[in-house]
Amino acid sequence: MLPIDPNNETAYSFVVFGASGRLALSKIFPALWQLYRDNRLPQGTKIFTFCRTHLEVGTYRIKCVPYMGLSKDRDQIKYNSFWSNVHCCQGMYDSPQDYAELTASMVRQETRHNMSLANRIFYLALPPIVFDHVTLNISRKCLSMTGWNRVIVEKPFARNELTYKPYQTQLCQTFKESQIYMIDHYLSKQVIHNLFVLRFTNHIWSETWNNKHIAAVMISVKCEKPVQARADYFNQFGIIRDIMTNDMMQLLAMLTIEQPYSNYVEDMRDEKLKVLKQVLTLDISDVILGQYCNNGVETDPTKVGYTQHAYIPKESLTPTFAMVVLRIKSKRWNSVPFILRVGKALNETKTEVRVQYKAMECDRSENKQSIPNELVLRLSPREQLFMRMMLKRPGQELCLRETELNLMLRDRAVPDNYQSLLLDIFAGNQMLFMRTDEQCEIWRIFSPVLAFIDVERPKPLLYDFGSSGPMAAYEMAARNGFIFYQSDEWHARQGMANTSQNASKEAIKAESSRAQQATPSWMTPSAMGS
């Protein structure tokens, strides 16, 4: 945070409800600290915690240390300064008097430097059961009368379409839509901005972003870790509600929207709502469910089957893997399958979007098709944007090879995704945040399938810990026209036997073989007269 400007008249209060929980410790406070360290927080920002547990700043800062990424060389003095701006409040979520005391604590800090404007942000890192009490008491006791008020809402946003209606009503009765920030941790600001520029300012992609040229789109959120944190929540809500019905659907909407009328945020959100309305309701026949099991190889006691964890019921049928195929009824996207894939305990951790173009006929005499081009937007573990394409292999002979065209420029001093989202909230930029009516459409798409899973309790397909997921998922993707690149996507049938060195050799061999198969006969050495 920059030094206090004596002419600054605006105070900022950032209140974290549920501060004793894991989200506050591992995400919210590290992001606030890093913004403070890099002088990105607005001047005069004070941070308040509010929870039922009694907290003291001295002990709370020690709990946060493992997540803060501290540097002994440069952070000690500033870290102490950061915590001098943190104030802990204790209270019951259903007690109006405790909220009044929180407000009094904010007012004391806001008037300390004779600041006349008070802006307040309320971060609800809370379980759904206390949501109504908290929103109602904030609206009655804690709102600033001299500045703006904003509320950050964490998932889960209810369980289905039926339970979302009262959730939405309560939220919209206590706050205006312009004050509500439904946060999404997966949307990467840099990659999304680059996609918009790529698509809407370049003729090549603007003219080919449709069903005439695109064969299929896959959105993947893969995690190599098992279910550990928030296990009770996960077992109750499942992986579709946890990730698909918010994070992944926001990615899908960003990919498929029409060009907004202007750069005004509400025009962007209107276009997102339009495309979500065009997504057909999901059918159970387009769903694959899986659950990881013990692969019989791992010696790590945490790398066991889902139901073998001590904290998971032995008879649980909660899916840890899901793949769904969605379809959009619009002129631009008719017949293009949108494949959403998410899973725990897989072979890698990766969040990406793969836009696969249709193969072109490159050899009419032998009816050969080229390897399809693919635009890849990778959000983690590193932000990447590249195009897979065919080029000539170095050397005298005319041989093809698969290669990647990097489309991402690395900016300096770019804050990570979570920090960037918090800065957007301070600035009032809602572009990467859902509107409540968007979530309503998402529940309309998924609720019938979720109801079937809840009532019928279908048994998920088992897949080995550390594998690529159920083979049936690959088969369903292939039936819908998606082609996997063997060089970076290992099929389940390959198992765990290959070492990394052997896998690398196999990848090179596979790449060479695929390129050879796609090489037109008129490009072969014999045809070139060599």
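Just so we're clear, the structure is a prediction, and the values are computed from it rather than from any experiment.

Conventions and cut-offs
Residues numbered from 1 in each chain as written. Predicted model: local features only at pLDDT ≥ 70, side-chain atom pairs only at ≥ 80, totals over all residues. Heavy atoms only, no water. Pairing = 2+ DSSP bridges. Helix = DSSP H or I, 4+ residues; strand = E, 2+ residues; numbered from the N terminus. Axes fitted to C-alpha atoms, helices over the stretch in contact; angles between N-to-C directions. Contact = heavy atoms within 4.5 Å. Phe/Tyr/Trp six-rings, centres within 6.5 Å; stacked < 30°, edge-to-face > 60°. Buried < 20%, exposed > 50% of the residue type's maximum accessible area, 1.4 Å probe, protein only. Lys NZ or Arg CZ within 6 Å of the ring centre and 35° of its normal. Polar contact = N/O pair within 3.5 Å; in protein donor to acceptor, adjacent residues only side chain to side chain. Salt bridge = Lys/Arg side-chain N within 4 Å of Asp/Glu carboxyl O.

**What to know about the sheet that holds strand 15 (residues 384–392)**
Point 1. If you walk across this open sheet you meet the nine strands as 16-15-14-11-7-10-9-8-17, and the pairing is mixed. Each of the sheet's edge strands pairs with one partner strand only, and the pair in question is strand 16 (400–406) and strand 17 (461–464). Sheet twist, expressed as the average angle between the axes of neighbouring strands with direction ignored, equals 20°.
Point 2. Alignment of strand 8 (residues 287–293) against strand 9 (residues 321–326), held across four bridges, turns out to be antiparallel. Opposite L289, over in strand 9, you have A322 as the bridge partner.
Point 3. Docked against the sheet, helix 9 (residues 231–256) engages strand 7 (214–222), strand 8, strand 9, strand 10 (338–343), strand 11 (350–357) and strand 14 (374–380), running at close to 145° with respect to strand 10.
Point 4. Its contacts with the sheet place helix 13 (residues 471–479) against strand 7, strand 8, strand 9, strand 10 and strand 17, and it is angled at close to 10° to strand 9.

**Considering the packing of aromatic side chains**
Point 1. Inspection of the entire model under this criterion finds 31 aromatic pairs.
Point 2. The interplanar angle of 75° and the centroid separation of 6.1 Å between the aromatic rings of Y60 and W83 together place this pair among those described as edge-to-face. Of the two residues, Y60 sits in helix 2 (residues 57–64) while W83 sits in helix 3 (residues 76–83), which places them 23 residues apart along the sequence.
Point 3. The class of W83 is buried, set by a relative accessible area of 3%.
Point 4. One aromatic cluster in this structure is built from F29, W33, Y36, Y60, Y79, F82 and W83.
Point 5. One residue, R150, lies across the ring of W148, its end atom 3.6 Å from the ring centre.

**Section: the side chain of N137**
Point 1. Mapped onto the elements of the fold, N137 is located in helix 5 (residues 131–141).
Point 2. When its relative accessible area of 8% is taken as the criterion, N137 is described as buried.
Point 3. Polar side-chain contacts of N137 include one of 2.9 Å to the backbone oxygen of H133.

**Side note on the pattern of salt bridges**
Point 1. A complete count under the given rule lists 25 salt bridges for this structure.
Point 2. Here K155 and D247 are joined by a salt bridge, their closest N and O atoms 3.0 Å apart. One end of the pair, K155, is in the loop between strand 5 (149–153) and helix 6 (161–174); the other, D247, is in helix 9, with 92 residues separating them in the sequence. We note that K155, like D247, is buried.
Point 3. Salt-bridge contacts for E348 lead to K222; the nearest nitrogen and oxygen are separated by 3.1 Å. In this pair, E348 is assigned in the loop between strand 10 and strand 11 and K222 in strand 7, connecting sequence segments 126 residues apart.
Point 4. Given the relative accessible area of 2%, K222 is considered buried.

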